[in-house]
Amino acid sequence: MKKYIALKVIIIFIFLVPSSLISQELYAGIEVGSKGVKMSVINVQNIKKGKYEVVDFWTENVAIAKGIAVDGKLAANDIDTAFDVVVKNYTKLVKEYKIEEKNIFIVVSSGVGMAQNVDILLQRLYVFTNINVGIITADTEAKLLLKGCIPPKEYSDSLILDIGGGNTKGGYVEKFNEDDILVFYPVTLDLGTVTFTEKISKKAKTNSIDEFNELLLTALPELKEQTDRLYEKSPKIFNKDKIYMSGGAVWAFYTLYKGNSAIENFSPFEVKDVEAYNTMIKTDYAKFEALATQNKDVEKVLKTYSQKYLIAANSLLLTLLEKMPDIKSKKIYFTKQGQMAWLLSYIADSARRAKNIH
């Protein structure tokens, strides 16, 4: 029951907080995700005019959703880890960054929120922070991604897809009537980088990459079937000319394939790039290990994901793209700010900057 109350509080904040409350000050967000806990610090000058600065962003890479793929629950030690990481960083935001407690928001991603025992983590965090930590459902998370990642003028012609640790979510909008009211349609796939990797790994008898790749081949037909069903439920997806993609899988692909982190907020790439990288990550991983010794961006990816995670993550990315009809005629972008889109959306929506999406 508490999770629904917390989510209701989040929705009220998104749509009802008046813009007069948003002045030039620091805001921070902590997101407990499947693959890690992410912290964002934003300085807002004038949110109505879109004037804000990303002051800092960092991640603590702790995969806490592994148990979900096994029995649907967070492991006790993973709950302890998540709690400790959030508490440490919450304290850092208050004491070192001097952020008012009312300007700090904590959420649990949909990939973690699906755990049957997530209430244990929520209650412990509430006792320490006095914050009703909200679970962002996959549908709400997708809506926030769209608002935080896609330029408003591109809404009607675009699809957002985010490959998270626990699941893959996204969506698109369509005009509801002649008044140009935009209605959001979510799409969800119950597989993400962590859950897909663990689903494959639990069948392994050894720790070898060769065996993992063989098991991946047996898992791909089911992945493709699920992707087909996802698209069949939302055929209007096929009419979208632009695909904005975010999440760790896309960040890892783009950084390793290009050899550096994205500079622009929206960086284009093509399916053939993902296909080429797919071969490289399976057969020439030593190339990336060598590059990591002299390239901080590549090093960061390899410290975040093992080779198995990278292989599974890119299989998700490639399948989502290859199953999209007429994909080669569409424009595909890696959206750099996807990791903090929910926080940008919270603040931006409170000032009613964009059109309402119902």
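For the structure itself, look to the data block above.
Residues numbered from 1 in each chain as written. Predicted model: local features only at pLDDT ≥ 70, side-chain atom pairs only at ≥ 80, totals over all residues. Heavy atoms only, no water.

S.K.: Residues and numbers for the pairing of strand β9 (residues 242–247), please.
M.R.: A regular strand carries its side chains on alternate faces of the sheet. Counting buried positions along β9 yields 6 of 6 residues, so the element is predominantly enclosed. Side chains Lys242, Tyr244 and Ser246 project from β9 onto one buried face, and the interleaved Ile243, Met245 and Gly247 project onto a second face that is buried too. Two elements, β9 and strand β11 (residues 331–335), share 4 bridges in a ladder whose sense is parallel. Bridge pairing in β11 links Tyr244 to Tyr333. (Buried < 20%, exposed > 50% of the residue type's maximum accessible area, 1.4 Å probe, protein only. Helix = DSSP H or I, 4+ residues; strand = E, 2+ residues; numbered from the N terminus. Pairing = 2+ DSSP bridges.)

S.K.: Got a sec to walk through the pairing of strand β1 (residues 25–32)? Specific residues and values, please.
M.R.: Most of β1 sits out of view: 7 of its 8 residues are buried. Of the strand pairs in this sheet, β1 and strand β4 (residues 104–108) are connected by 5 bridges, and their pairing is parallel. Looking at β4, one finds that Gly29 is bridged to Phe105.

S.K.: Run through the packing of helix α9 (residues 248–258) against helix α12 (residues 296–304), naming residues and quoting values.
M.R.: Taken N-terminus to C-terminus, the directions of α9 and α12 make an angle of 140°; their axes are 9 Å apart at the nearest point. Classified by the angle between their axes, α9 and α12 sit oblique to one another. Our pair here, α9 against α12, has a crossing hand that is left-handed. Of the residues in α12, those touching α9 at Trp251, Ala252, Thr255 and Leu256 are Asp297, Val298, Lys300, Val301, Leu302 and Thr304. Per-class residue counts for the contact of α9 with α12 are 6 nonpolar, 2 polar and 2 charged. (Axes fitted to C-alpha atoms, helices over the stretch in contact; angles between N-to-C directions. Parallel < 35°, antiparallel > 145°, perpendicular 65-115°, else oblique. Left-handed = near helix turned anticlockwise from the far one by under 90°. Contact = heavy atoms within 4.5 Å. Nonpolar A, V, L, I, M, F, W, Y, C, P; charged D, E, K, R; others polar.)

S.K.: Any details on the nonpolar core? Residues and values, ideally.
M.R.: Phe196, Met245, Leu256, Phe269, Leu310 and Leu321 are the most contacted members of the largest nonpolar core, which totals 56 residues. Ranked by the residues each element gives to this core, the list is headed by helix α13 (residues 307–322), at 10 residues. When sequence neighbours within four positions are dropped, the list of residues in contact with Leu321 reads Met245, Phe269, Val271, Val274, Ile327 and Ile332. (Core = buried A, V, L, I, M, F, W, Y, C linked by side-chain atoms within 4.5 Å.)

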